[in-house]
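Secondary and tertiary structure notes
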Amino acid sequence: MRQKIAPYLLILPGGLWLLCFLVVPLVFMASVSTQEGDVVNGFVQTFHLANFGNALGEYKTQFLRSAGYGLAGTALTILLAYPVAYWIAFKAGARKSTYLLLVLLPFFVSFVLRTVSWKFLLADDGILLQPLKDVGLLPADFHVLQTTVAVIGGLTYNYLPFMVLPIYVALERVDPRVVEAAQDLYATRRDSFLRIVLPLSLPGVFAGVLMTFVPMTADYVNASILGGPANTMIGNIIQTEYLVNNDYPAGAALSFILMAAMLIGIFAYAKALGTENVLEAAAR
Amino acid sequence: MTDIQAGKEAAAPAASDISPVPAIELDGVVKEYHAHGEVVQAVKGVSLSIAEGEFFSMLGPSGCGKTTTMRMIAGFEDPSRGTVRLHGQDVTNVPPNRRDVNMVFQSYALFPHMNVWENVAFGLRRKRVPEAEIKRRVGEMLEIVDLTGRENRRPRQMSGGQQQRVALARALVNNPRALLLDEPLGALDLKLRQAMQMELKRIQREVGITFVYVTHDQNEALTMSDRIAVMNDGLVEQLAGPREIYERPATTFVAGFIGTSNLLSGTAAQVSGGTAVIRVGDGERVLVPVGDRTREGGQVEVTVRPEKIRISHEQPDADVSAVRGVVSEVVYLGTYNSYAVNLASGAEFTVFEQNARDSSITAERGESVWLSWQPQHSYAIGSRTTS
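Predicted model only: the values in this text are computed from it and were never measured.

**Describing the environment of B:Asn174**
As for its placement among the helices and strands, B:Asn174 is situated in the loop between α5 (160-172) and β7 (178-182). Given a relative accessible area of 2%, B:Asn174 falls into the buried group. Along the primary structure B:Asn174 and B:Thr260 are separated by 86 residues, whereas in three dimensions their C-alpha atoms are 40 Å apart. With sequence-adjacent residues up to four places away left out, B:Asn174 is seen in contact with A:Leu185, A:Tyr186, B:Asn102, B:Gly123, B:Leu124, B:Lys127 and B:Arg137.

**Brief notes about the packing of aromatic side chains**
With the rule as written, the count across this model stands at 19 aromatic pairs over all chains. Within the aromatic cluster, the residues linked to one another by ring pairs are A:Tyr82, A:Tyr86, A:Phe90 and A:Phe193. Cation over ring: B:Arg170 sits above B:Phe111, and NZ or CZ is 4.6 Å from the ring centre.

**Structural notes on the UniProt feature "domain: ABC transmembrane type-1" (unreviewed entry) in chain A**
The positions UniProt marks with the feature "domain: ABC transmembrane type-1" (unreviewed entry) are residues 63-269 of chain A. With 76% helix and 0% strand, residues 63-269 of chain A has end C-alpha atoms that lie 18 Å from one another.

**Description of the domain arrangement of chain B**
All names here are of chain B. Segmentation of chain B into domains returns domain 1 (36-252) and domain 2 (260-355 + 366-381). Taking only C-alpha atoms, the centre of domain 1 and the centre of domain 2 are 39 Å apart. Contact with domain 1, which involves eight residues of that partner, is made by eight residues of domain 2. Both sides of the domain 1 and domain 2 interface together cover about 720 Å² of buried area, and 55% of this is carbon and sulfur. By the criterion of area lost to domain 2, the three top residues of domain 1 are Tyr246, Glu247 and Thr252, representing 64% of everything that side buries. Across the domain 1-domain 2 interface, the total number found is one salt bridge. Notably, a salt bridge pairs Lys308 with Glu247, separated by 3.7 Å at the nearest N-O pair. Where domain 1 touches domain 2, the interface holds two residue pairs in polar contact (both at pLDDT 80 or more). Broken down by element, the side of domain 1 that touches domain 2 gets its largest block of residues, three residues, from helix α8 (residues 242-247).

**Some points on the sheet that holds strand β1 (residues 24-35) of chain B**
Residue and element names in this part refer to chain B. The strand order β2-β1-β4-β5 describes an open sheet built from four strands, whose pairing is antiparallel. Because the sheet does not close on itself, it has two edges, and the strands there are β2 (38-50) and β5 (89-90). Bridge count for strand β4 (residues 81-86) against β5 is two bridges, and the pairing is antiparallel. Bridge assignment links Arg85 to a residue of β5, and that residue is Asp90. Where helix α2 (residues 66-74) meets the sheet, its contacts fall on β1, β2 and β4, and the angle it forms with β1 comes to roughly 115°.

**Quick look at empty space enclosed by the protein**
All names here are of chain B. Taken as a whole and assessed by the stated rule, the structure comprises two cavities of 30 Å³ or more. In terms of lining, the second largest cavity is formed by Tyr246, Glu247, Pro249, Thr303, Val304, Arg305, His377 and Tyr379. Looking at the lining of the second largest cavity, you find at least three residues from each of domain 1 (36-252) and domain 2 (260-355 + 366-381).

**Here we look at the packing of helix α2 (residues 50-58) of chain A against helix α3 (residues 60-91) of chain A**
Residue and element names in this part refer to chain A. Between α2 and α3, whose axes approach to 4 Å, the crossing angle comes to 65°. With respect to each other, α2 and α3 are oriented roughly perpendicular. Taking contact as the criterion, the partners of Leu56, Gly57 and Glu58 in α2 are, on α3, Lys60, Gln62 and Phe63. Taken together, the residues of the contact of α2 with α3 sort by class into two nonpolar, two polar and two charged.

**Section: the UniProt feature "transmembrane region" (unreviewed entry) in chain A**
Residue and element names in this part refer to chain A. Taken from the UniProt record, the annotation "transmembrane region" (unreviewed entry) applies to residues 7-28, 67-88, 100-122, 142-171, 192-214 and 250-270. A helix fraction of 100% and a strand fraction of 0% characterise residues 67-88, whose end C-alpha atoms lie 31 Å from each other. Regarding residues 250-270, the helix share stands at 100% and the strand share at 0%, and the terminal C-alpha atoms are separated by 30 Å.

**Focus on the sheet that holds strand β16 (residues 321-332) of chain B**
Residues and elements named next belong to chain B. What the five strands build is an open sheet, ordered β15-β19-β16-β17-β18; its pairing is antiparallel. The sheet is open, and its two edges are formed by β15 (310-312) and β18 (348-354), each paired on a single side. This sheet shows a mean twist of 45° between the axes of neighbouring strands, independent of strand direction.

**Points about the packing of helix α9 (residues 189-218) of chain A against helix α12 (residues 248-273) of chain A**
Residue and element names in this part refer to chain A. In the contact formed by α9 and α12, the axes pass within 11 Å of each other and the chain directions differ by 160°. When the axis of α9 is compared with that of α12, the two are roughly antiparallel. As for the relative orientation of α9 and α12, their crossing is right-handed in sense. Between α9, through Val205, Phe206, Val209, Leu210, Phe213, Val214, Thr217 and Ala218, and α12, the contact on the second element is made entirely by Leu258, Met262, Ile266, Tyr269, Ala270 and Leu273. Of the residues assigned to the contact of α9 with α12, the class counts are 13 nonpolar, one polar and no charged.

**Comments concerning the pattern of salt bridges**
Charged atoms that come close allow side chains of opposite charge to pair. With the rule as written, the count across this model stands at 20 salt bridges over all chains. B:Glu54 is the partner of B:Arg227 in a salt bridge, and the nearest nitrogen-oxygen pair spans 2.4 Å. One end of the pair, B:Arg227, is in strand β9 (residues 227-232); the other, B:Glu54, is in the loop between β2 and β3 (55-59), and 173 residues separate them in sequence. Look at B:Arg227 and you get partly exposed, because its relative accessible area is 24%. Note that B:Arg125 and B:Glu131 form a salt bridge whose closest N and O atoms lie 2.9 Å from each other. Members of the salt-bridge network, linked through shared partners, are A:Glu180, B:Lys31, B:Arg71 and B:Glu77.

About the criteria used
- Residues numbered from 1 in each chain as written.
- Chains lettered and ligands numbered in written order.
- Predicted model: local features only at pLDDT ≥ 70, side-chain atom pairs only at ≥ 80, totals over all residues.
- Heavy atoms only, no water.
- Helix = DSSP H or I, 4+ residues; strand = E, 2+ residues; numbered from the N terminus.
- Buried < 20%, exposed > 50% of the residue type's maximum accessible area, 1.4 Å probe, protein only.
- Contact = heavy atoms within 4.5 Å.
- Phe/Tyr/Trp six-rings, centres within 6.5 Å; stacked < 30°, edge-to-face > 60°.
- Lys NZ or Arg CZ within 6 Å of the ring centre and 35° of its normal.
- UniProt positions renumbered as here; feature names shortened; annotations may be inferred.
- Domains from an automatic or database assignment.
- Buried area = accessible area lost by both parts, 1.4 Å probe.
- Salt bridge = Lys/Arg side-chain N within 4 Å of Asp/Glu carboxyl O.
- Polar contact = N/O pair within 3.5 Å; in protein donor to acceptor, adjacent residues only side chain to side chain.
- Pairing = 2+ DSSP bridges.
- Axes fitted to C-alpha atoms, helices over the stretch in contact; angles between N-to-C directions.
- 1 Å grid on protein atoms, 1.4 Å probe; cavity = no way out; pocket = protein on both sides within 12 Å on 5 of 7 lines; lining within 4 Å.
- Points joined across faces, edges and corners; volume = space filled by probe spheres on them.
- Parallel < 35°, antiparallel > 145°, perpendicular 65-115°, else oblique.
- Nonpolar A, V, L, I, M, F, W, Y, C, P; charged D, E, K, R; others polar.
- Left-handed = near helix turned anticlockwise from the far one by under 90°.

This is the structure:
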C-alpha cells in the first residue's frame, strides 16, 4: 500500500506548485481572453471570441516579425555555438570545465543588465562606433541601435549559451572510436564530420533550437532596449496591452495565439526532423 | 614504346620472382607520450614482419604496448621513431583513411545512426565503388557472416555476437590487404567467444587476408594464430609459433604468461653434451638441455609444464629429472587432477594428471611424493636451447 502511494507523494509538491502557478493562471487567462469591458467598469465574461480575430488582425506584422527574429536569431546561434561546442568537446582537453564555466558566466549577471550594457556598446558615440567614425571608416550618422541588426544581435547574444550547452553534451557523447572507424573506412576528415559527427550531434542541435527559438520569439526585453518603433515584437505588444492599455482580454488573446502558434511550430519541426531518428540517436 | 614503359615491364616480373614482400613490416618502432613533463614509452622498439595471409597475434597483458603497436599499423598513432611498411611501401606518415588496412575495434565502434547495410557499405561508398558492385559485395559479405535478412537493423537492436559480425563484415567487405582486430571477442561470453574463434579462423581461410590479432587471452592466441608475438612492457619477448611459445618459452615472462608453468632455479653442477645437471637436494637431480653459453657453476632457471610431470610414491629411474615434495592441495578438475606440490627447495610446482584410465587420485594432501619428467620436456630459460 505504502509503495503505491510513495511515487505520488514525490510529485505532490511540484504538482501542486504547477497547479497553483501554471494551470490556474492559464485557465484564468483563457477565461479573460473571451471577456469584454474595461479596467474601470470591470470585465465581463461574454465568450467574445472576436478578441482573437481582432488581436491577430491588428498585430499580424508583429507576429510575423517575432517569428522572423526568432528564426534569424536561432540560425545565428547555431552558426556561432556549433564551432564553440565542437572546440570545447574535442580540442579543449583538460580545460573543458573552465571553458564551459566561461560560457555560463554571463548568467551571473541579470538578463536586463546584460542587454543594457549592449546598449552602451552599440551607442552612436559609444566605444565601438565612435573610434571607427573618428578614423572615417564609418559615416558620422551611422547607427546600430534601433535597428533589426541590434535586436537580432542582442537576442543571439543572450541565448547563445542555451545552444552551446546541448550541442556540447551531444558532441561529448560521440564515441571517438566511431570517428576513428570512419577514418579507417577511407572517410576524409570532411566525410567523417558530415556523415558521423554531425548526424550524431543533431539531437543536441534539436534541443538547442527548442531552448532558443521559443524564448527568442516571445522576448520583449531586447526589442524594447535595443530596438526602435519599427522593431516591436509581439512580446512588447502583450506587455503594452497588459500594463499600459490595461486591455487584459486583448493581451490574453495575444498570449494564447502565440502559445498555440509555437506549439504547432514545434510539433511540425519535430515531425519534419524525424523525432524517431533524433530520439534513437539520443537514446544511444 | 617509351623508356619508362620498358622499365616498368622489366621491373614487374622481377619483383614477383624474389621472395614475397611481407604484408606488414615494423622497423624499430617507438611510441613515446609526453605526460606531466615526463616521457613515457608505450612501445620501446618493435621490429617484426608479418607475412601475406598469416594469422598473426600480438599477445600480452594490458599496458604491454600491443594495442598501441596495432594503432600505429592502422595509422591512428604516429610512431615517435621507426618505420611502418605495408607491402614494402613506407606508410609511416600516411593517414588511416589512405592505408589499405581495416580494423575491427574492441567495442565494435559501429555507426549507431546507420543500419547494418549502411554500416557495411560505408567503406565502399567512400571509395566510390559503383552502387551495383556495392550491392553485390555487401550482400555476399553479409552472407559470409550469416547476417542476411538483418540489413535494416540498427546496431542497438542486435546482440553482442551479431554486432561483432557486423564489425567484421564492415572491415572485410573492403577486401583490405590486412585486417587488424583489437581484442574483438573481449566483450563476448565464453561460449560465444569460442564459437567466434572458430568462425574467425574459417573466415580467414576463406578470404585469405592477413589477420593481425591483438589479445590478452593466451588460449585465444594459441588456438588461432600461425605466429604469436608475446609482448611485455613495450617490447616483444618472443616471436614464434604457438607450439614453440608454449613448449619453449624464451623468457621467464613468457613462461609465466603462457599457461601454467613451473620454475626452478639452481646452479649447474656439471655441463656436458648440451645437458646441464642441476643439483637440488639429496637424491634429487634435474637434467636440462642447455646452450653453449651455460658454464659450470652458472645460475640456471628451468621451466617445465605441469602436464609433463609424473607424480609417484616410488623413487623414479635415474635417467629422468626427479625432485621431492609434499602435496599441499589436490583439485579434481574433471578431465584431470591438479596437484600443488611444495618442493623441498621451496618452489611450488603445479602438476596435472590426466584421468585417462581411472579417476583415482595418486596422492593425498600432506603426502610426500616424487615428481619426475623427461629432461627434453624442460627448458633452461635465458640461454636459448636447441634440441
